[in-house]
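Fold and contact review
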Number of protein chains: 2
Amino acid sequence: MQKEHNLSKNQKIIFDLIDKSGEPMKAYSILFNVQKKGIKAPLQVYRALDKLVEIGKIHKIESRNVFIACQNSSCQISKATAFSICESCENVSEISNSKLSKYLSNFSDESGMKYSKYNLEFFGMCKKCKSK
Amino acid sequence: MQKEHNLSKNQKIIFDLIDKSGEPMKAYSILFNVQKKGIKAPLQVYRALDKLVEIGKIHKIESRNVFIACQNSSCQISKATAFSICESCENVSEISNSKLSKYLSNFSDESGMKYSKYNLEFFGMCKKCKSK
DNA sequence: CTTGTAAATGTTATATTATTACATAACGTT
DNA sequence: AACGTTATGTAATAATATAACATTTACAAG
């Protein structure tokens, strides 16, 4: 059983926004959207984002500097992430594939170095964009 | 046989710097280092970086916003990259593992979406840091 | 219940990373 | 030489993220 995290006020506001939007959001777009809720400064947003990433409620798509809600209910603290990114419409979806995650979690290179975390970003064209 | 790219003046200056440094470099640190060579503005650096990334001479480590020279002589146009990043000393090395690259190149998720590119970043502790 | 500590918040300023817009020059092909 | 493409130069600014400091809240230990 994993620890249940009680989100603080700002964390909750920001998580709810990202979760409901259903798509990747940029930090300053989040800021703009929560100003009516009293969150005024970038730092307030970044602090909540950092925490939400840390506890696995959201993920950062590094190549795009955007944040999405975790789409995999079982990963509460996820340091092993994989995403599919459409280079045309910028849609992002999280990949939950146990073979893939096992393969990567067990990967060890020539140096014998073992990895506790990874982030994988796949790029291509999604179905919708391909059919246009 | 792959196309040989003739680097332009700025591209060559910047590639040589990154290549010789042997470690990840940030864009503005590159700028600082090439000012004596007449490159004055961020844009001059970013344009050269973009081109060098495009032709596979360097790679961008997305989670760190740093650039390293390609360590894999065979990958001239590399859109399928994997790196090992030490979270303690921030050392980065490129992983050239044909099993891994085959596995990922052939990966296809439930949606049937096929990926032409990917970027994988592994995080852990390098040998040096572990032994401290 | 109060005291200590960790976590979260608020606020201002600033650092870092990256792009827009526009003008000019160099390169390679025909 | 004329053309299109690629690269360069320059100024301004946009977008992303953190430092520093003061204060408040949450909550467990005594």
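Residues numbered from 1 in each chain as written. Chains lettered and ligands numbered in written order. Predicted model: local features only at pLDDT ≥ 70, side-chain atom pairs only at ≥ 80, totals over all residues. Heavy atoms only, no water.

1. Topic: the protein's contact with DNA strand C
- In the region of DNA strand C, 16 residues are neighbours, and S8(A), Q44(A), R47(A), L43(B) and K60(B) sit closest.
- Close to the protein, within 4 Å, the atoms of DNA strand C belong to sugar or phosphate groups at a rate of 47%.
- The separation between a phosphate oxygen of DNA strand C and a polar side-chain atom of S8(A) is 2.8 Å.
- Separating a phosphate oxygen of DNA strand C from a side-chain N or O atom of Q11(A) is a distance of 3.4 Å.
- Broken down by secondary-structure element, the contributors of at least two residues to the surface near DNA strand C are α1 (9-21) and α3 (42-54) of chain A together with α3 (42-54) of chain B. (Near = heavy atom within 4 Å. Polar contact = N/O pair within 3.5 Å; in protein donor to acceptor, adjacent residues only side chain to side chain. Helix = DSSP H or I, 4+ residues; strand = E, 2+ residues; numbered from the N terminus.)

2. Let's talk about the environment of F67(A)
Residues and elements named next belong to chain A.
- Looking at the element boundaries, F67 is found in strand β2 (residues 66-69).
- Separated by 32 residues in the primary sequence, F67 and K99 place their C-alpha atoms 25 Å from one another.
- What F67 contacts, discounting residues up to four positions off in sequence, is I18, E23, P24, M25, A27, L49, V53, I58, H59 and K60. (Contact = heavy atoms within 4.5 Å.)

3. Considerations on the pairing of strand β3 (residues 80-86) of chain B
Residue and element names in this part refer to chain B.
- Summarising burial for β3: 6 of the 7 residues are buried, a large majority.
- As judged from the 7 bridges shared by β3 and strand β5 (residues 115-124), these two strands associate in the parallel manner. Along β5, the bridge assignment pairs I85 with F123.
- Summarising the sheet, β3 and strand β4 (residues 92-94) pair through 3 bridges and their orientation is antiparallel. Looking at β4, one finds that S84 is bridged to S93.
- The hairpin formed by β3 and β4 contains 5 residues between the paired strands, and E90 there has a positive phi angle of roughly 65°. (Buried < 20%, exposed > 50% of the residue type's maximum accessible area, 1.4 Å probe, protein only. Pairing = 2+ DSSP bridges.)

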